[in-house]
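Structure at a glance
Chain residues, written in single-letter form:
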Amino acid sequence: MKRIKTLSEYFKKYELSEKDPEKFWSEIAYSFIWKKKWDNVLESDFENADFKWFKNAQLNITENIFERNLSERGDKTAIIWEPNDPKESPIYMSYKELYKQTCTFSNALKSKGIKKGDRVIIYMPMVPEAAIAMLACARVGAVHSVVFAGFSAASLADRINDCEAKMVLTSDGNFRGNKTIPVKDVVDEALEKCSSIESVIVLERTKQNINIKDGRDFWWHECIEDESNICDSEVMDSEDLLFILYTSGSTGKPKGVVHSSAGYMVYSSYTFLNVFQYDEEDIYWCTADVGWITGHSYIVYGPLLCGATTVMFEGVPTYPNVSRFWDIVDKYKINQFYTAPTAIRALQAHGLEPLKNNSLDSLKVIGSVGEPINEEAWHWYHDNVGKGKCPLVDTWWQTETGGIMISALAGITPNKPAHASLPLPGIMPVIVDADGNELNGNNVQGNLCIKSPWPSIIRTTYGDHERCINTYFSNYKGMYFTGDGVKRDHDGYLRILGRVDDVINVSGHRMGTAEVENAINEHEDVIESAVVGYPHDIKGEGIYAYVIVGTKLNDDKIKDEIINVVRKVIGPIAKPDKIQIVSGLPKTRSGKIMRRILRKVASNDFQNLGDTSTLLNPDIVTEIIDGAII
Ligand code: PRX
């Protein structure tokens, strides 16, 4: 696969992708190994959310990571693993070694009865085995669903049940900073509510005491003991499922976003190579967790498909101290560094002292993902980490898009602070108003939609295709609706403004307000709750909950209990930052909560509350303002 090298080439490719998308994508697809070539490049039906890319082709994505790379790059380092504790030795794993370990574990999966199409949950720390687990599933044709290991037992159980998974891959415990997390205990608790799981494979990481249930639980090292390191890859149709990844929406429970084999392979690798401008000898590091889409596409699949060296970090940016990221950059001479604005802002708060002993000279490209990056953080990152010389790629995309959609190409597209900038070739963004009218030209603002399919477009929400159609393809006819607001500035550059639905973005993690409300409502003394986002210096958005309670407990006690319930139902990432106990919520005569008012109050903006005369209970607004937590 060739990468774009100049701005004029970018514009040429963009034009081609617009005029003749099939030619554009097939030229890229030819660089992969196919067991059988496609009949049709694309069949697309927006109304029914039915997309077939590279129809009837056959492949296996792992053949394109291994067999395609091994002859040239067998001894090249595929994964550098940096442990949580910097005193522990890192691991340098070559492509050859990763291949052998993947094949060995693939055989272990098969021995435990896993076959093509079975769903396997991965609930693991950031260790090379997490990547091996994903690749082994792909090798044997099983569908992996990675669940971020910070989610609670209840959340894990929901995901297992939703996709009727047959197996869980996990570890005894996780090291995170100075904490050790009892992961296997969480799995045990979750499995009390799950009937589909037949076996659990446990990686020994922390060596803490765990329960092993006879006949169900097996140690990873014992499972691979007698397995061969040769395993032919399963033949997959282009549209066979590669993975399910659960993500929050504006209503109800998280949905299982489905990605299929061929389109995802082509798009994740094409975008990796072009956005980061990866060169053969570069060392690339994305700080995400494999539990999120960024980890899937830009730690594991994208880089490995391109034969890159990808760094996996087990720990957190603040352990053993706040220089950790910069120490790692210097230790491995990282060339491309990709992180989230929330991490930048958190590190920025510590000033420049933690950067003082690091040269960061190796950096060529720095990247941002997950939430809008404010101008102050952009400049701090650009000036102090990138030393003013590294292009900063602000990459906009989503779990549903599978890969980066709007971003500068490093060093090619001119940088503009806080602007994701221009769409990648093949991506046709449109800005629409509330009625679905396209807003053409520059200096316009509205909802962001995409009007033609790209290879890694969401295929379905697992087990509920109607939900996929309703969420993404029915708001605006013939378009994919992103849920984000966007502005096209006077130069035609795009600036993402954040969510326009009831989804909030906390530290780059998507959270449905309804999901948090449901969790809060599980407390027996809670009568009703409403959750909104508010601007937060570090997290981007914080969670503000208004709660009506019927309890004799004092406010502090009930607030603590509510936080604990949310931790238990979803996980620590969803716990409210502020809880205001109220006697009522502002409602319209039809009983709808007027969230606009709640958002304003939470944002400390009491002036422009708008028309409150249609409220059933206008007096409540005064009470809410008086009790607001600032
Ligand atoms: O609101 C946008 C925001 O994150 C949402 C997608 O979240 P998720 O599926 O968890 O994927 C995150 C990692 C790709 C989007 O709808 N978002 C993501 N990247 C950016 C962003 N907002 C602004 N600028 C970005 N670069």
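Residues numbered from 1 in each chain as written. Predicted model: local features only at pLDDT ≥ 70, side-chain atom pairs only at ≥ 80, totals over all residues. Heavy atoms only, no water.

Splitting the chain by domain gives domain 1 (7-316 + 395-486) and domain 2 (507-626). In this assembly, 18 residues from domain 1 lie in contact with 13 residues from domain 2. Buried area between domain 1 and domain 2, both sides added, is near 1100 Å², and the carbon and sulfur share of it is 44%. Considering only the surface of domain 1 that becomes buried against domain 2, Ser152, Ser248 and Trp292 emerge as the three largest contributors, covering 35% of it. Applying the counting criterion to the domain 1 and domain 2 interface returns two salt bridges. Along the contact surface separating domain 1 from domain 2 lie 10 residue pairs in polar contact (both at pLDDT 80 or more). Of the residues assigned to the side of domain 1 that touches domain 2, the class counts are five nonpolar, 11 polar and two charged. (Domains from an automatic or database assignment. Contact = heavy atoms within 4.5 Å. Buried area = accessible area lost by both parts, 1.4 Å probe. Salt bridge = Lys/Arg side-chain N within 4 Å of Asp/Glu carboxyl O. Polar contact = N/O pair within 3.5 Å; in protein donor to acceptor, adjacent residues only side chain to side chain. Nonpolar A, V, L, I, M, F, W, Y, C, P; charged D, E, K, R; others polar.)

Another point: the pattern of salt bridges. Evaluated as defined, the whole model comprises 42 salt bridges. Linking Glu517 and Arg595 is a salt bridge whose minimum nitrogen-to-oxygen distance equals 2.9 Å. Pair noted here: Glu517 is in helix α16 (residues 513-521) and Arg595 is in helix α18 (residues 595-602), with a separation of 78 residues, a long-range link. Like Glu517, the residue Arg595 is buried in the burial classification. The network of salt bridges with shared partners includes Arg3, Asp279, Asp282 and Lys364. (Helix = DSSP H or I, 4+ residues; strand = E, 2+ residues; numbered from the N terminus. Buried < 20%, exposed > 50% of the residue type's maximum accessible area, 1.4 Å probe, protein only.)

Okay, the sheet that holds strand β20 (residues 392-395) next. The mixed open sheet is built from seven strands, whose spatial order is β5-β4-β17-β16-β18-β19-β20. Of all the strands in the sheet, just β5 (91-94) and β20 have a single pairing partner and so form its edges. Averaged over all adjacent pairs, the angle separating strand axes in this sheet is 20 degrees, with direction ignored. Inspection of the sheet shows strand β4 (residues 77-82) paired to strand β17 (residues 309-313) by four bridges, in the parallel sense. Bridge pairing links Glu82 to Phe313 in β17. Sheet contacts for helix α14 (residues 375-385): β18 (336-339), β19 (365-369) and β20; angle to β19, the most-contacted strand, approximately 155 degrees. (Pairing = 2+ DSSP bridges. Axes fitted to C-alpha atoms, helices over the stretch in contact; angles between N-to-C directions.)

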